[in-house]
Amino acid sequence: AQSVTQLGSHVSVSEGALVLLRCNYSSSVPPYLFWYVQYPNQGLQLLLKYTTGATLVKGINGFEAEFKKSETSFHLTKPSAHMSDAAEYFCAVRVENTGTASKLTFGTGTRLQVTL
Amino acid sequence: EAQVTQNPRYLITVTGKKLTVTCSQNMNHEYMSWYRQDPGLGLRQIYYSMNVEVTDKGDVPEGYKVSRKEKRNFPLILESPSPNQTSLYFCASSLMGGTGELFFGEGSRLTVL
């Protein structure tokens, strides 16, 4: 079965600093990987996804992530943090299972705080 | 506007009083799912449905029921709520196949006293 580990339940950065949120996955077959963002009192929305092809994927709001198969990682980065990036971020993995519905397995989330 | 709509958004109830959280999507998605979100545990899947009249258990189905009589609706039923079901609940939908991007509702915060 697939699983996702997000290192660091809370990350704090200064405005303008690099954002790095870590995600490692385990999967016996090539996965689809996702990052979702949850703003306060809202549902989750998709930031970016990796399915096949180019391993560096760009998402909304200046975020990007790189799929590294050798490291089983899919870390999320943004060169310069903005106050509006403060939110909770979830990494998720999806693996197609024959005979059962494919589903997303979520990490436990990382809350990003951005300070002045 | 494409959306997943949940109701109610907030609910306080007492142990044992049956309640239903409704979920409706207007994107003609086959796949629908319910998750609960608890601090430190992320999102855990309760039930999912691949199409009308097809439902199956997720990772934490105990104490919940669902039905899928119409494609757009997927209500979550708590027959006899207990305090350990106090949580934030999300409904989500997606197309079957493809990359499976999930579209989420805004959440329903349930408190069981």
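For the structure, check the block above.
The structure contained in this document is the topic of the report that follows. (Residues numbered from 1 in each chain as written. Chains lettered and ligands numbered in written order. Predicted model: local features only at pLDDT ≥ 70, side-chain atom pairs only at ≥ 80, totals over all residues. Heavy atoms only, no water.)

1. Quick word on the packing of aromatic side chains
Using the following cut-off: Two rings from Phe, Tyr or Trp (for Trp, the six-membered ring) form a pair when their centres sit within 6.5 Å of each other. Planes less than 30 degrees apart are called stacked, planes more than 60 degrees apart edge-to-face, and all others tilted. Where helices and strands are cited, they refer to DSSP runs of H or I of at least four residues and of E of at least two residues respectively, numbered from the N terminus. Only protein chains enter the calculation, and the probe is 1.4 Å; a residue is then buried if its accessible area is under 20% of its type maximum, exposed if over 50%, and partly exposed in between.
Inspection of the entire model under this criterion finds twelve aromatic pairs over all chains. A ring pair is formed by Phe63(A) and Tyr89(A), whose centres lie 5.5 Å apart and whose planes are at 45°; its orientation type is tilted. A residue pair is termed long-range when its members are at least 10 positions apart, and Phe63(A) in the loop between strand 6 (56-58) and strand 7 (64-68) and Tyr89(A) in strand 9 (residues 87-95) qualify at 26 residues. On the accessibility criterion, Tyr89(A) (0% relative accessible area) is buried. Judged by centre distance (6.0 Å) and plane angle (20°), the ring pair of Tyr31(B) and Tyr48(B) falls under stacked. Of this pair, Tyr31(B) sits in strand 4 (residues 31-38) while Tyr48(B) sits in strand 5 (residues 42-51); the two residues are 17 residues apart in sequence, bridging distant segments of the chain. According to the relative accessible area criterion, Tyr31(B) is buried, its value standing at 4%. An aromatic cluster of three or more residues is present, and its members are Phe34(A), Tyr36(A), Phe106(A), Tyr35(B), Phe90(B) and Phe104(B).

2. Comments concerning the sheet that holds strand 7 (residues 65-66) of chain B
All names here are of chain B. Quick note on the threshold: DSSP calls a pair of strands paired once it identifies at least 2 bridges connecting them.
With respect to topology, four strands assemble into an open sheet ordered 1-3-8-7, the strand pairing being antiparallel. On the outer flanks of this sheet lie strand 1 (4-7) and strand 7, each paired with one strand and no other. Pairing of strand 7 with strand 8 (residues 76-78), which is carried by two bridges, proceeds in the antiparallel orientation. Residue pairing for strand 8: Val66 is matched across the bridge by Leu76.

3. Examining the interface of chain B and chain A
Basically, it comes down to this: Any two residues whose heavy atoms approach within 4.5 Å are treated as being in contact. As a working definition, buried area equals the accessible area (1.4 Å probe) given up by two parts on being put together, with both sides summed. What makes a salt bridge here is a side-chain nitrogen of Lys or Arg within 4 Å of a carboxyl oxygen of Asp or Glu, nothing more. Identification of polar contacts relies on pairs of N or O atoms within 3.5 Å, with a donor-acceptor requirement for protein atoms, meaning one able to donate a hydrogen and the other able to accept it, and with residues adjacent in sequence counted only if both atoms are side-chain atoms. Note that Gly is not counted as nonpolar here; it falls among the polar residues with everything else outside the nonpolar set of Ala, Val, Leu, Ile, Met, Phe, Trp, Tyr, Cys and Pro and the charged set of Asp, Glu, Lys and Arg.
Contacts between the two partners involve 24 residues from chain B, matched on the other side by 22 residues from chain A. Both sides of the chain B and chain A interface together cover about 1,700 Å² of buried area, and 54% of this is carbon and sulfur. For the pair chain B and chain A, the number of links is zero salt bridges. Linking chain B with chain A are three residue pairs in polar contact (both at pLDDT 80 or more), by the criterion used here. Listing elements by their share of the side of chain B that touches chain A, those giving two or more residues are strand 4, strand 5 and strand 9 (87-94) of chain B. Of the residues forming the side of chain B that touches chain A, the biggest block, five residues, is contributed by strand 5 of chain B. Class assignment for the residues of the side of chain B that touches chain A results in eleven nonpolar, nine polar and four charged.

4. Here we look at the nonpolar core
Note the cut-off: Among buried residues, those of type Ala, Val, Leu, Ile, Met, Phe, Trp, Tyr and Cys that are joined through side-chain atoms within 4.5 Å constitute a nonpolar core.
Ranked by internal contacts, the top residues of the largest apolar core, which has 28 residues, are Trp35(A), Leu48(A), Phe74(A), Leu76(A) and Tyr89(A). Top element by residues in this core is strand 9 of chain A. It accounts for five residues.

5. A few points about the environment of Leu95(B)
Residues and elements named next belong to chain B. Position of Leu95 relative to the elements: it lies in the loop between strand 9 and strand 10 (103-104). Classification of Leu95 by relative accessible area gives partly exposed; the value is 49%. Dropping the residues within four chain positions of it, Leu95 is found in contact with Asn28, His29, Glu30 and Gly100.

6. What about the state of the cysteines?
Applicable threshold: Disulfides are defined in this document as cysteine sulfur pairs within 2.5 Å.
On inspection of all chains with the given rule, the structure shows two disulfides over all chains. A sulfur-sulfur separation of 1.9 Å characterises the disulfide bridge that pairs Cys23(A) with Cys91(A). The chirality of the disulfide connecting Cys23(A) with Cys91(A) is left-handed, given an S-S dihedral of about -65°. Taken together, the positions of Cys23(A) in strand 3 (residues 19-26) and Cys91(A) in strand 9 put the pair 68 residues apart, joining distant regions of the chain. Comparing Cys23(A) with Cys91(A) shows no difference in burial state: the two are buried. Paired by a disulfide, Cys23(B) and Cys91(B) hold their sulfur atoms 1.9 Å apart. Across the S-S bond of Cys23(B) and Cys91(B) the torsion is about -75°, and the bridge reads as left-handed. You can see Cys23(B) sitting in strand 3 (residues 19-25) and its partner Cys91(B) sitting in strand 9, a full 68 residues away along the chain. When sorted by exposure, Cys23(B) lands in the same class as Cys91(B), which is buried.

Functional significance is not addressed by these values, which are geometric in nature.
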